[in-house]
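Chain by chain, the residues:
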Amino acid sequence: FAAERGSFALARGLLRNARMIAERANNPDLVHATRLARGEVNLECGAHKEAREDFYSILSANPRPRPTLLARARLATGLVDLLDDHFELALDAAEGAQLDLGQDTRPAAQGLRVRTLLLRARTDRILGRSEQAWKSLNEAQRLASRAGERALEIEIGSRRGRLLLE
C-alpha cells in the first residue's frame, strides 16, 4: 500500500520492522520474505543497488530458503540485471530460477516457471533473438494456460504483440 502511493521510505521502514520481528521469532522464511519485499520496493523506486543487495542476501542465505523463494529472488535479480543492461546475467538468472524450482509442480512453482520464460523472452528480444523470444513466449503461454494464470496470459499476449511489431 505504501509503495503504491509512493511512500517508499514508509514501506522500507515497515518492512525493516517486519524483518526484525521475524528475526526475533527465529523464522528464516519470514526474514527472507521481508527481504524480498524490501528488494521489490527498492527496485520499484529505482534503487537497483539496494534491491540487488536484498535479493543476494536471500540467494546466499544459510540455511537455504525454500526453492520458490530462491526462484523469486533469482528472478528479481535477473530483472535488475535486465534493467541494468546485463543481459547475459539476466539469462543466467532465469536459468538458475528454473533449476531452483526443480520438479515442483505446485501452482506457485508453475507461475514462477512462466515468469522465468518471460524474463528470457524479454532479454532475447532486446538482444535481437526474436525467434528464441517467440519460443519462450509460446512455452510461457502453454504453462500459464495450464496453471490458470490469467494475468500472466494477458502479459504474454501483450509481449507477443510487441514482438510481432518489431
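Reference entry: report on the structure contained in this document. (Residues numbered from 1 in each chain as written. Predicted model: local features only at pLDDT ≥ 70, side-chain atom pairs only at ≥ 80, totals over all residues. Heavy atoms only, no water.)

This brings us to the side chain of Asn42. Summarising the element assignment, Asn42 is placed in helix H2 (residues 28-44). In this view, Asn42 contacts Arg12, Ala47, Glu50, Ala51 and Asp54; residues no more than four positions away in its chain are not counted. (Helix = DSSP H or I, 4+ residues; strand = E, 2+ residues; numbered from the N terminus. Contact = heavy atoms within 4.5 Å.)

One recurring pattern in soluble globular proteins: nonpolar side chains tend to sit buried together. Core analysis: the biggest nonpolar cluster contains twelve residues, these being Val114, Leu117, Leu118, Ala121, Ala133, Leu137, Ala140, Leu143, Ala144, Leu152, Ile156 and Leu163. Elements that contribute at least two residues to this core include exactly helix H6 (107-126), helix H7 (130-147) and helix H8 (150-165). Apart from the residues within four sequence positions on either side, Ala140 is in contact with Val114, Leu117 and Ile156. (Core = buried A, V, L, I, M, F, W, Y, C linked by side-chain atoms within 4.5 Å. Buried < 20%, exposed > 50% of the residue type's maximum accessible area, 1.4 Å probe, protein only.)

Moving on: the packing of aromatic side chains. According to the stated counting rule, one finds zero aromatic pairs in the structure shown. We note Arg160 situated over the ring of Trp134; from NZ or CZ to the ring centre the distance is 5.4 Å. (Phe/Tyr/Trp six-rings, centres within 6.5 Å; stacked < 30°, edge-to-face > 60°. Lys NZ or Arg CZ within 6 Å of the ring centre and 35° of its normal.)

If you check helix H3 (residues 48-59), its first and last C-alpha atoms are 16 Å apart, about what twelve residues at 1.5 Å a residue would give, namely 16 Å. Where H3 is concerned, the buried positions are His48, Ala51, Arg52, Asp54, Phe55, Ile58 and Leu59. What you see down the axis of H3 is that its buried residues fit within an arc of 160 degrees, all on one side. Buried residues belonging to H3 abut H2 and helix H4 (67-83). (Expected span 1.5 Å × (residues − 1). Arc of directions from axis to C-beta.)

Here the focus is the packing of H3 against H4. When two helices pack together, their arrangement is given by the angle between the helix axes and by the axis-to-axis distance. Across the interface, H3 lies against H4 with an axial gap of 9 Å and an inter-helix angle of 150 degrees. Regarding the angle of H3 to H4, the classification is roughly antiparallel. Both H3 and H4 take part in a crossing whose hand is left-handed. Counted together, His48, Ala51, Arg52, Phe55, Tyr56, Ile58 and Leu59 of H3 and Leu69, Leu70, Ala73, Arg74, Ala76, Thr77, Val80, Asp81 and Leu83 of H4 form the full contact between these two elements. When the residues that make up the contact of H3 with H4 are grouped by side-chain class, the tally is eleven nonpolar, two polar and three charged. (Axes fitted to C-alpha atoms, helices over the stretch in contact; angles between N-to-C directions. Parallel < 35°, antiparallel > 145°, perpendicular 65-115°, else oblique. Left-handed = near helix turned anticlockwise from the far one by under 90°. Nonpolar A, V, L, I, M, F, W, Y, C, P; charged D, E, K, R; others polar.)

With respect to the secondary-structure elements, Met20 resides in helix H1 (residues 8-24). Met20 gets classed as partly exposed once you look at its relative accessible area, which sits at 34%. With ten residues separating them in the primary sequence, Met20 and Leu30 have C-alpha atoms 9.9 Å apart.

A word on the packing of H6 against H7. Following both chains from N to C, one finds H6 and H7 inclined at 160 degrees, their axes separated by 8 Å at the closest point. Classified by the interaxial angle, the pair formed by H6 and H7 is roughly antiparallel. Pair H6 / H7 crosses with left-handed handedness. Along its contact with H6, which presents Gln110, Arg113, Val114, Leu117, Leu118, Arg120, Ala121, Asp124 and Arg125, the element H7 presents Ser130, Gln132, Ala133, Ser136, Leu137, Glu139, Ala140, Leu143, Ala144 and Ala147. Of the residues in the contact of H6 with H7, the class split is ten nonpolar, four polar and five charged.

Any functional reading would require information beyond the geometric quantities listed.
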